[in-house]
Amino acid sequence: MKKAAITVVTIVLVMLAISSVRAEMGTIRISPSTLMTVGGPTTYEIWVDKEDDPTYAPHILLAMTQECWESLGGPVGVSWAGDTTSFAKSDFSAAYGAYIPLSGASEGGRYSVYSLKTHLGVDVTAPVYWVVGDFLSAPLHTTPHQTFTITLPSTSPKMLVLAIGKTTAECGPFFDNRVPPEPPSFSAVPEPSTILLALALFAGLSLYTSRKKTQLPQQDS
């Protein structure tokens, strides 16, 4: 009976860990590399993995180094089928908090500022400038992939091209999906909750192994 209970607890922990990691990783995909190091124009493809098809209200999120921001010679342009948008230098804000966006996003729909600094290759004390805005004319699907083009008029171009979205039309103002922190050129930086769940899973498995060893069959006398 105890063995069955421990097994159930372990399975629950596994399911929680998988669910949490999936939520924190995100299922929006952008190709090529999310790190833009040329002035452009550069064309990207964007789509979403099957489990979150469709993802509604796609918003683009751009994060750049201070040098890139200071050397902007004009608005950052974003264009897609049928429409365009642009972000002036004054539209960008310095990210001094732990996450961006500052509000309107759950854990699965925001980015760690520390992680962004890591992937931009800047010191943890250096500011990162960011902006977010709606784009694209339709929700994200697995297929077909949508495309958009960015022009970055900076003499020191170094900017992350990211996105957030809502997995259901009833999400209200809250974003709960994003580009995962581990595509080919975007190494993962584990969030605290992921680490805690992994430790809980390990503890459950260790407990099960320990109980199994102590319940060895006794030899007949």
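Residues numbered from 1 in each chain as written. Predicted model: local features only at pLDDT ≥ 70, side-chain atom pairs only at ≥ 80, totals over all residues. Heavy atoms only, no water.

Caption draft 1: Quick look at helix H3 (residues 113-120). Most of H3 sits inside the fold, with six of its eight residues counted as buried. Buried residues in H3 make contact with strand E2 (35-36), strand E4 (56-65), strand E8 (99-100), strand E9 (111-112), strand E10 (128-134) and strand E12 (159-166). With a side-chain oxygen lying 3.3 Å from the backbone nitrogen of Tyr114, the N-terminal cap of H3 falls on Ser112. One or two residues past the end of H3 sits Gly121, with phi positive at roughly 75°. (Buried < 20%, exposed > 50% of the residue type's maximum accessible area, 1.4 Å probe, protein only. Helix = DSSP H or I, 4+ residues; strand = E, 2+ residues; numbered from the N terminus. Contact = heavy atoms within 4.5 Å. Polar contact = N/O pair within 3.5 Å; in protein donor to acceptor, adjacent residues only side chain to side chain.)

Caption draft 2: Seen up close, the sheet that holds strand E1 (residues 28-31). With antiparallel pairing, five strands are arranged side by side in an open sheet as E1-E3-E11-E5-E6. Both outer strands of the open sheet, E1 and strand E6 (83-87), are each paired with one neighbouring strand and no more. Each strand of the sheet is rotated relative to its neighbour by a mean of 25°, with strand direction disregarded. Relative to E6, strand E5 (residues 76-80) runs antiparallel, the two being bridged by five bridges. Each residue of the ladder has a partner; that of Ser79, found in E6, is Thr84. (Pairing = 2+ DSSP bridges. Axes fitted to C-alpha atoms, helices over the stretch in contact; angles between N-to-C directions.)

Caption draft 3: Structural view of the pairing of E1. Every second residue of E1 is oriented toward a common face, the buried set being Ile28 and Ile30 and the non-buried set Arg29 and Ser31. One ladder, built from four bridges, connects E1 with strand E3 (residues 42-48); its direction is antiparallel. Each residue of the ladder has a partner; that of Arg29, found in E3, is Trp47.

Caption draft 4: Spotlight on the pattern of salt bridges. In the structure shown here, the tally under the stated rule is one salt bridge. Between Arg29 and Asp49 there is a salt bridge, with its nearest N and O atoms 2.5 Å apart. A residue pair is termed long-range when its members are at least 10 positions apart, and Arg29 in strand E1 and Asp49 in the loop between E3 and E4 qualify at 20 residues. Since its relative accessible area comes to 24%, Arg29 is described here as partly exposed. (Salt bridge = Lys/Arg side-chain N within 4 Å of Asp/Glu carboxyl O.)

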